[in-house]
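A look at the structure
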Amino acid sequence: MSYELNDKIINLVPYEPISGDYSIRLDANECTLNYTEEMLGMVHNIVDNLNFNRYPDPTCTELRKSFADFYGLDYKNVTVGNGSDELIFLIESAFLKKGDKMLVTAPDFSMYEFYSSITENPCVRFLKNYELNINVDALIDSVNKEDIKLLIFSNPCNPTGQGIRKDECIKLIRNVNALVVLDEAYMDFWDESESLLKDINDYDNLIVFRTASKALGSAALRLGFAVSNTTISNAIAAVKSPYNVNSLSQAIGAQLYKNKSLLKERINTIVENTKLLYNELVAIGKNIDDFTVYPTKTNFVFVKTPFGKELWDYLKNNSIAIRYMGDYIRITSGTKEENTIVIKTIKQFILEKNYARS
Ligand code: PMP
């Protein structure tokens, strides 16, 4: 008897965003605000009353209702995943047939393409322009010419922080012969009027994602949401594993989405902090060659710089984690205090290395 790992998994290594302990973690676009006392009280109450001996509700009905109410939707259009990550994998594996092609834009969230390598669906990359924007007409052309069956992208985009306006998204959805998965993980930070959440019933080829991991500050719960017309929602519900979302996360999520004013207040704080971080980085960039700071619609700032690796190392040595991505770095906005420390440390780096123009 013998077994060898197959080609598609033999060289894979488990995902580990960054190893080590850091006093400031700004590498994963998480919400830096942890739960308040009030929120923790709610969690304790749930733990005290939970039936740990029972399987979770496979339909996640209470959570779907609460999520749907928060965004003004019908809960029948909502399916819940163990984070959007699970939904990405599920949709790529179930909605594509063997050998069907999919398309991602680049740069974009890397898991879209990663899962296609597991499901064995060829993945075409559509490159963004120098400003990191997408020419929607060219994208439509590419999808149709390449006979793409599924197109997935984040809007606003991780890692670029850029947003595609709603009318452009609509043009895209209307003109491609493919299923469009629009990942709105960061839309809470931009503008709900640019979202297509409420328009899903107008299209037979649209799935919109949301997550509790960013604006809701609940990455630990692993809650992702797929919003689509009921034909697609029913299909997602039918292919997902029955107990994919644990009871504790369902119950906490359901309570969180009911607290609209608290969530809105927290989102406003994050947006304000991100603006401050962006402004400080722009000011730093004014005195440095090749330090391009991109405007952001999210809770992070994307920067093009030739010394990204060096800066990433320097910050790590000062117990600050950010994301290094070749020609770019991505810095999640922290609390005001954390952002102040990051900016101070970046300035210190630039001074020490003599990177500023004299
Ligand atoms: N989509 C995008 C664009 C993301 O950036 C991330 C996480 N970084 C995810 C999805 C995954 O979200 P979740 O935590 O819900 O799996």
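Residues numbered from 1 in each chain as written. Predicted model: local features only at pLDDT ≥ 70, side-chain atom pairs only at ≥ 80, totals over all residues. Heavy atoms only, no water.

**Regarding the overall build of the protein**
The helix and strand tally for the protein stands at 12 helices and 13 strands. In terms of overall dimensions, the protein is globule-like: its C-alpha atoms have a radius of gyration of 21 Å, near the 21 Å expected for 358 residues. Seen along its three principal axes, the alpha-carbon backbone of the protein occupies a region of about 65 × 55 × 55 Å. Taking all 358 residues of the protein together, the buried fraction comes to 52%. Approximately 17400 Å² of the protein is accessible, and the part contributed by carbon and sulfur atoms is 49%. (Helix = DSSP H or I, 4+ residues; strand = E, 2+ residues; numbered from the N terminus. Rg over C-alpha atoms; globule rule 2.2 N^0.38 Å. Buried < 20%, exposed > 50% of the residue type's maximum accessible area, 1.4 Å probe, protein only. Areas by Shrake-Rupley, 256 points an atom, 1.4 Å probe, with all protein chains shown as cover.)

**Focus on the domain arrangement of the protein**
Partitioning the protein into domains gives domain 1 (24–34 + 261–353) and domain 2 (50–258). On a C-alpha basis, the centroid separation for the pair domain 1 and domain 2 is 26 Å. Listed as interface residues are 21 residues of domain 1 and, on the opposing side, 23 residues of domain 2. It is Leu263, Ile267 and Lys297 that lose the most area in domain 1 upon contact with domain 2, and together they represent 33% of the buried surface on that side. (Domains from an automatic or database assignment. Contact = heavy atoms within 4.5 Å. Buried area = accessible area lost by both parts, 1.4 Å probe.)

**Describing the sheet that holds strand E13 (residues 328–332)**
The strand order E9-E10-E13-E12 describes an open sheet built from 4 strands, whose pairing is antiparallel. With one partner strand each, in any of the chains shown, strand E9 (292–293) and strand E12 (323–325) form the two edges of the open sheet. Inspection of the sheet shows E12 paired to E13 by 3 bridges, in the antiparallel sense. The residue bridging Met325 from the neighbouring strand is Tyr328, located in E13. (Pairing = 2+ DSSP bridges.)

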